[in-house]
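A structural walkthrough
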Amino acid sequence: MSVVLTRVHELAEIKEELAARDWFMGTSGNLAIKVQDSPLQFLVTASGKDKRKKTKEDFLLVDGEGNPVGATQLKPSAETLLHCEIYKRSKAGCSLHVHTVANNVISELYGDAGKIVFQGQELIKAFDRWEEDAELQIPIIYNYAHIPTLASTLGDFVKEDKGAVLIRNHGITVWGKDGFEAKKILEACEFLFQYQLALIQAKAGLLASTGALNN
Ligand SMILES: CSC[C@@H](O)[C@@H](O)C(=O)COP(=O)(O)O
Ligand SMILES: [Zn+2]
């Protein structure tokens, strides 16, 4: 099987799994997987499609500038430049972008601080941080409508071969050395976000009930 076809299958499988989690609401989300370095070529989801649906035209091959390689009717994801930044600035082999309610709420709650920090959480290990007091910082960037600006802002935070960046009131973009690692990081982030929201809610409930008892 050709490398392109192998990668198509890999990305299709990830797409199916993320769809099963309902992480592609309202046609949101885009996925990419590297096919080759020098010159850079990667597969990216076609723009504007319902990514829950499996079709023969889900992905297309693009170059380092995000332009299609070869003739195609398909339009690359509107956010292809973000994936370009990741592959140019790291050795990542796969990058994933999804919008979820949890990642949007977290991005708004912590957006003014420019980051959310997790510590003392087992799932930080998904980022290969094994120390007991490891701290995980996920940057939160402004959701620039101008995609080249959004892409270069995200690029400033691509400092390792795996990572995650939240885009305020938009979604999350993660990357890893391959599809397995990128998906692991995405799932770990979403777990941490859901945990944080549940914790805030539980604390508020506790405060309200002790307040009621004291009155
Ligand atoms: C209507 S979904 C929002 C889109 O603008 C975008 O943020 C997104 O994630 C999907 O865009 P796409 O061009 O299909 O890759
Ligand atoms: Zn998006």
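Worth saying up front: this structure is predicted, and the values here are computed from it rather than measured.

1. Describing the UniProt feature "binding site: Zn(2+)" (unreviewed entry) in the protein chain
As recorded in UniProt, the feature "binding site: Zn(2+)" (unreviewed entry) lies at His97 and His99. Positionally, His97 belongs in strand β4 (residues 94-98). The class for His97 is buried, based on a relative accessible area of 1%. Aside from chain neighbours lying at most four places away, what touches His97 is Gly29, Asn30, Leu31, Glu79, Ile167, His170, Gly171, Ile172 and Thr173. Side-chain polar atoms of His97 contact the side chain of His170, separated by 3.1 Å. Here His99 shows up in the loop between β4 and α3 (101-109). In this view, His99 contacts Trp23, Ser28, Gly29, Asn104, His170 and Gly171; residues no more than four positions away in its chain are not counted.

2. A short note on the UniProt feature "domain: Class II aldolase/adducin N-terminal" (unreviewed entry) in the protein chain
As recorded in UniProt, the feature "domain: Class II aldolase/adducin N-terminal" (unreviewed entry) lies at residues 9-197. The straight-line gap between the two end C-alpha atoms of residues 9-197 is 34 Å; of that span, 31% is helix and 24% is strand.

3. Remarks on the packing of helix α2 (residues 80-89) against helix α4 (residues 147-155)
As a packed pair, α2 and α4 sit with axes 8 Å apart at the nearest point and diverge in direction by 30 degrees. In terms of axis orientation, α2 runs roughly parallel to α4. The interaxial crossing formed by α2 with α4 has right-handed handedness. On α4, the residues that touch Leu81, Leu82, Glu85, Ile86 and Arg89 of α2 are Ile147, Pro148, Leu150, Ala151, Ser152, Leu154 and Gly155. Across the contact of α2 with α4, the residue classes break down as eight nonpolar, two polar and two charged.

What counts, and at which threshold
- Residues numbered from 1 in each chain as written.
- Chains lettered and ligands numbered in written order.
- Predicted model: local features only at pLDDT ≥ 70, side-chain atom pairs only at ≥ 80, totals over all residues.
- Heavy atoms only, no water.
- UniProt positions renumbered as here; feature names shortened; annotations may be inferred.
- Helix = DSSP H or I, 4+ residues; strand = E, 2+ residues; numbered from the N terminus.
- Buried < 20%, exposed > 50% of the residue type's maximum accessible area, 1.4 Å probe, protein only.
- Contact = heavy atoms within 4.5 Å.
- Polar contact = N/O pair within 3.5 Å; in protein donor to acceptor, adjacent residues only side chain to side chain.
- Axes fitted to C-alpha atoms, helices over the stretch in contact; angles between N-to-C directions.
- Parallel < 35°, antiparallel > 145°, perpendicular 65-115°, else oblique.
- Left-handed = near helix turned anticlockwise from the far one by under 90°.
- Nonpolar A, V, L, I, M, F, W, Y, C, P; charged D, E, K, R; others polar.

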